[in-house]
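Single-letter residue listing:
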Amino acid sequence: MTGTYFAFSTGVMPGLNAARPASAIDAMQGMNQKIQNPLFIAMFLLVPVVAIAAGALLLALDEKSAAVLFFVAAGVYFAGALVPSFAVNIPMNNALDGTAIPADAAEAAKVWADYSGRWTAWNNLRAVASWVSILAMGLGVYLWGKDA
């Protein structure tokens, strides 16, 4: 997920911003529809579940420091990636999906400008939170392996 958020913030959104606004709206509407597939949704939602399961397993193995890092990773991902997704990015996507692409170039530019900057700012938060989460899990794996 870290890579997905990062790629959107550093490549996809700047690329769409460089396109004609009507084309950007059309492309983002298509991406919003196609990203709603079982594989993506599973990866998107299961990160904290897997981190909690790993933390519980590590606790059972008496690897408390590593377990705590996995629990922290789950919390950071939940608070910094899932909450913003459901509170901001997904509602914005749904609103954009419900928007007819304006024929007027100036109106299309306004629709896209209102969407793109805010969406990307919140996506940046999701990227950073996911990055912190994966670092915490990586450190947890390191600590677990260090004791082996």
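Notes on the structure follow. Since the structure is predicted, the reported quantities are computational estimates derived from the model, not experimental observations. (Residues numbered from 1 in each chain as written. Predicted model: local features only at pLDDT ≥ 70, side-chain atom pairs only at ≥ 80, totals over all residues. Heavy atoms only, no water.)

Regarding the layout of surface pockets
To find leftover empty space, one rolls a probe the size of a water molecule over the atoms.
Thinking step 1. Considering only enclosed or pocket space, the largest pocket measures out at about 400 Å³ in volume.
Thinking step 2. Along the wall of the largest pocket there are 22 residues; nearest its centre are Ile 35, Gln 36, Phe 40, Ile 90 and Asn 93.
Thinking step 3. The set of elements that each furnish at least two residues to the lining of the largest pocket consists of helix H1 (2-18), helix H2 (21-34), helix H3 (38-60), helix H4 (64-97) and helix H5 (105-146).
Thinking step 4. Sort the elements by how many residues they give to the lining of the largest pocket and H4 lands first, with 6 residues.
Thinking step 5. Looking at the lining of the largest pocket residue by residue, the class counts come to 13 nonpolar, 8 polar and 1 charged. (1 Å grid on protein atoms, 1.4 Å probe; cavity = no way out; pocket = protein on both sides within 12 Å on 5 of 7 lines; lining within 4 Å. Points joined across faces, edges and corners; volume = space filled by probe spheres on them. Helix = DSSP H or I, 4+ residues; strand = E, 2+ residues; numbered from the N terminus. Nonpolar A, V, L, I, M, F, W, Y, C, P; charged D, E, K, R; others polar.)

Quick look at the pattern of salt bridges
Oppositely charged side chains may form a pair once their charged atoms are brought near each other.
Thinking step 1. In the structure shown here, the tally under the stated rule is 2 salt bridges.
Thinking step 2. As a salt-bridge pair, Lys 64 and Asp 62 come within 2.8 Å of each other at their nearest N and O atoms.
Thinking step 3. For Lys 64, a relative accessible area of 52% gives the class exposed.
Thinking step 4. Residue Asp 114 pairs with Lys 110 through a salt bridge whose shortest N-O separation is 2.8 Å. Taken as a pair, Asp 114 and Lys 110 lie in helix H5 at a separation of 4 residues, close to a single helical turn.
Thinking step 5. By relative accessible area, which is 46% here, Asp 114 ends up partly exposed. (Salt bridge = Lys/Arg side-chain N within 4 Å of Asp/Glu carboxyl O. Buried < 20%, exposed > 50% of the residue type's maximum accessible area, 1.4 Å probe, protein only.)

With respect to the nonpolar core
Thinking step 1. Among the nonpolar cores identified, the biggest contains 15 residues, and Met 13, Met 28, Leu 96, Trp 112, Tyr 115 and Trp 119 are the most heavily contacted of them.
Thinking step 2. Listing elements by their share of this core, those giving two or more residues are H1, H2, H4 and H5.
Thinking step 3. Ranked by residue count, the leading element in this core is H5, at 5 residues.
Thinking step 4. If sequence neighbours within four positions are ignored, Trp 119 has contacts with Phe 8, Met 13, Met 28, Asn 89, Met 92, Asn 93 and Arg 126.
Thinking step 5. Membership of the second largest hydrophobic core comes to 9 residues, among which are Leu 58, Ala 66, Ala 67 and Ala 74. (Core = buried A, V, L, I, M, F, W, Y, C linked by side-chain atoms within 4.5 Å. Contact = heavy atoms within 4.5 Å.)

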